[in-house]
Amino acid sequence: MTKSVILGVIGSDAHVVGITILEQALEAAGFDVVNLGVQTSQEEFVEAASANDAEAVLVSSLYGHAKQDCEGFHQRIADADLDVTTYIGGNLAVGQDDFEETRKFFREIGFDRVFDSETDPEEAIEALRADLDIHSTEQESQTVSA
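**Focus: the sheet that holds strand 2 (residues 32-35)**
Here comes step 1: The strand order 2-1-3-4-5 describes an open sheet built from 5 strands, whose pairing is parallel. A strand with exactly one partner marks an edge of an open sheet, and here the two such strands are strand 2 and strand 5 (113-116). Each strand of the sheet is rotated relative to its neighbour by a mean of 20°, with strand direction disregarded.
Here comes step 2: In the packing of helix 1 (residues 17-28) onto the sheet, the strands contacted are strand 1 (4-9), strand 2 and strand 3 (56-61), and the crossing angle to strand 1 comes to about 170°.
Here comes step 3: Where helix 5 (residues 99-108) meets the sheet, its contacts fall on strand 4 (85-90) and strand 5, and the angle it forms with strand 5 comes to roughly 150°.

**Overview of the confidence of the model for the chain**
Here comes step 1: For the chain, the mean per-residue pLDDT works out to 91, and 90% of the residues sit at or above 70.
Here comes step 2: Note that residues 137-146 has pLDDT below 50 and, in this model, 23 contacts with residues that lie over four places away or in other chains.

**Some words on the side chain of threonine 86**
Here comes step 1: Among the secondary structure elements, threonine 86 is positioned in strand 4.
Here comes step 2: Within the structure, threonine 86 has its side chain in polar contact with the side chain of histidine 74 (distance 2.7 Å).

**What to know about the pattern of salt bridges**
Here comes step 1: Taken as a whole, this structure holds 6 salt bridges when the rule is applied.
Here comes step 2: A salt bridge links glutamate 43 to arginine 76, with the nearest nitrogen and oxygen atoms 2.8 Å apart. Pair noted here: glutamate 43 is in helix 2 (residues 42-51) and arginine 76 is in helix 4 (residues 73-79), with a separation of 33 residues, a long-range link.
Here comes step 3: Judged by its relative accessible area of 34%, glutamate 43 falls in the partly exposed class.
Here comes step 4: In this structure, glutamate 108 engages lysine 104 in a salt bridge whose closest nitrogen and oxygen atoms are separated by 3.9 Å. With a gap of 4 residues between them, glutamate 108 and lysine 104 both fall in helix 5, about one helical turn apart.

The rules behind the values
Residues numbered from 1 in each chain as written. Predicted model: local features only at pLDDT ≥ 70, side-chain atom pairs only at ≥ 80, totals over all residues. Heavy atoms only, no water. Pairing = 2+ DSSP bridges. Helix = DSSP H or I, 4+ residues; strand = E, 2+ residues; numbered from the N terminus. Axes fitted to C-alpha atoms, helices over the stretch in contact; angles between N-to-C directions. Contact = heavy atoms within 4.5 Å. pLDDT = per-residue confidence, 0-100. Polar contact = N/O pair within 3.5 Å; in protein donor to acceptor, adjacent residues only side chain to side chain. Salt bridge = Lys/Arg side-chain N within 4 Å of Asp/Glu carboxyl O. Buried < 20%, exposed > 50% of the residue type's maximum accessible area, 1.4 Å probe, protein only.

This is the structure in structure tokens:
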């Protein structure tokens, strides 16, 4: 069974390269990817997750304002009665000096995994496989390099 994931860049951020690479890597790994593109609202993520019976929502942000853009995000997911795994990655905070503090903040507001902008797509894919309990018999295990 193919797992559906929603991917997009939240808020006013228009950085597209990272999600394009991630989309290709996820598809090569056997996921059904719905790429919402850039400048995606919280509502669009929630609507897409609901409409596509998604297993996971992957949020990207590179312009440093993810804290503001993600305020109330998990409440919207709960209000929509969705049971999805949520990831966020990128350059998440302006002047981000200590990524562990940034990771802690996003974990506290509900994200299951938090990645910095240097994360290899394969690392996120392996985490997703583990979190969604995907075994090699369900999807082909492929190594993807970006």
